[in-house]
Structures are given as C-alpha cells and as structure tokens.
Amino acid sequence: MLVCLVLCGKLTAVDAAPLCTNAQAGCHVLSLANLFDRVIQHSARMHGISNDLHSEFELYFLPSKNQIGRVSRNCHTSSILTPNGKENAQRMAREELTEVILKLLVAWRDPLWHFHQSMAHHHDFNNFSSNKSLEMSDMVHELRKGVQKVVEKMQMLGIISNSVSNLASPEALLASDSAEWRLMKDYDLLYCFRRDSNKVQNYLKILKCRIVPEHGC
C-alpha cells in the first residue's frame, strides 16, 4: 500500500487538517524546508523500489542468453537536458533545475503504467514485483504533485519567478508525441527509470541545499 509521504494525505487522527502551502482555512501550513524533506523522502523511497525491481529483473533475465549485457541505454528521456554532475546542477538557475525535475517526472507517467501492465503478463514474475511496479507508478504521480507544491511555496516566498507556473500542466512540460519508450524492452525501461529517479532525488537535494541550506545540508 502506497505510503503517501508527500502532500496527498492527512496528518494524524489528532490533527487531520490537509496539508497546504499557504494559510488557507482548515489547512496545516508546512515550511518550505518541511516540504522539501517530504519530497526528498518520497523520491528516496521511489528510487529504492526501482533498485529492488532492477535487481529482481536481473535474476529474472539471467538464464536467457545474457540479455542484461545487451541493454540499450538510449533512454526516452535523453532529449531532456539534465546537468552533468553536482557542480553543474548547482550552477543552474533554480527555475531551470525545477523544470528539469518536473520534466523527468512527467516523462515517466505513461511508461511506468504500461510497465506495470507488462509485469502483470509475466507469469514467471511474482505478484509482489508486479505490485511494486504499480506502487512505483503511483509514486511518480504523487511526487510530481509534491514538487508542484514546493514550487508554489517558493513562488509565494519570492524565491523563484512565476514563470514556473506554466509547468503545472504535463502537456506544457513534454510533447505528447515523445513515445520512444514504447519501443523499449521492459528491462531497458527499468534501467532508465532507476537512472532518472536517482537524478530526481539528487536534484531535489541540491535544490533544497541551495534554498534552505540551514536545514540538514
């Protein structure tokens, strides 16, 4: 069952007000540092699941003529320009780094859902792994919503410009015709997602440390 660490759930039975970024009636307002902590924790769990599935896939494909060694590493997200290394990510404008994070998350919305459907047809693959692939798909959706809440909070505090508001729509982030992932094998898809989920996690940490360095950096 998906543990929603981002902003979609309730706080506790004692304080059941929904989470929000500003002082709306009936909301529990979180600081920017807390919002960052939530999306970073969520991204870490998402990347952990992708690692687990990747390892299981290696065991699954191991007997079949070394398919692992023939992985095509031309990921469908290669057209998204991402900073190479920590130093380059730190030099990017805050708005640009935020846009990269959102683009990567949007790019995996459909592929992960279809990956889960593919897993359901692998009879030799256990149900636990199939459930994890579904959880991974859900987590990408929730993480994107969480990052958008972080964006709203940064804009409200005047940390980034309102130009990022145009990124709220997935269609504004990525052209709908970029469906190269449909030509990829399941193992290749999983390899690419593990790579991109690691990028998202690292970029979120870098963004947090640039903006609220006094909180755990």
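Small disclaimer: the values here were computed from a predicted structure and weren't measured. (Residues numbered from 1 in each chain as written. Predicted model: local features only at pLDDT ≥ 70, side-chain atom pairs only at ≥ 80, totals over all residues. Heavy atoms only, no water.)

Visitor: How do you make sense of the environment of glutamine 117 when you look at a structure like this?
Guide: By secondary structure assignment, the location of glutamine 117 is in helix H4 (residues 109–120). Classification of glutamine 117 by relative accessible area gives partly exposed; the value is 31%. Taking the C-alpha atoms as reference, glutamine 117 lies 8.9 Å from serine 133; in sequence the two are 16 residues apart. (Helix = DSSP H or I, 4+ residues; strand = E, 2+ residues; numbered from the N terminus. Buried < 20%, exposed > 50% of the residue type's maximum accessible area, 1.4 Å probe, protein only.)

Visitor: Can you walk me through the packing of aromatic side chains in this structure?
Guide: Where two aromatic rings form a pair, the distance of their centres and the angle of their planes describe that pair. According to the stated counting rule, one finds one aromatic pair in the structure shown. Seen from their ring centres, tryptophan 108 and phenylalanine 193 are 5.1 Å apart, and the 70° between their planes marks the pair as edge-to-face. Here tryptophan 108, found in the loop between helix H3 (94–107) and H4, pairs with phenylalanine 193, found in helix H7 (residues 186–211); they are 85 residues apart in sequence, far enough to count as distant. Of the two residues, tryptophan 108 and phenylalanine 193, neither departs from the other in class, the shared state being buried. (Phe/Tyr/Trp six-rings, centres within 6.5 Å; stacked < 30°, edge-to-face > 60°.)

Visitor: Before we go on, may I ask you to explain the state of the cysteines in this structure?
Guide: In a disulfide, the sulfur atoms of two cysteines are covalently bonded to one another. The tally for this structure, following the rule as stated, stands at one disulfide. Two residues, cysteine 75 and cysteine 192, share a disulfide whose sulfurs are 2.0 Å apart. Taking the torsion about the sulfur-sulfur bond, which here is approximately -85°, the covalent link between cysteine 75 and cysteine 192 counts as left-handed. Taken together, the positions of cysteine 75 in the loop between helix H1 (32–61) and helix H2 (86–91) and cysteine 192 in helix H7 put the pair 117 residues apart, joining distant regions of the chain. (Disulfide = S-S within 2.5 Å.)

Nothing here speaks to function; it is geometry throughout.
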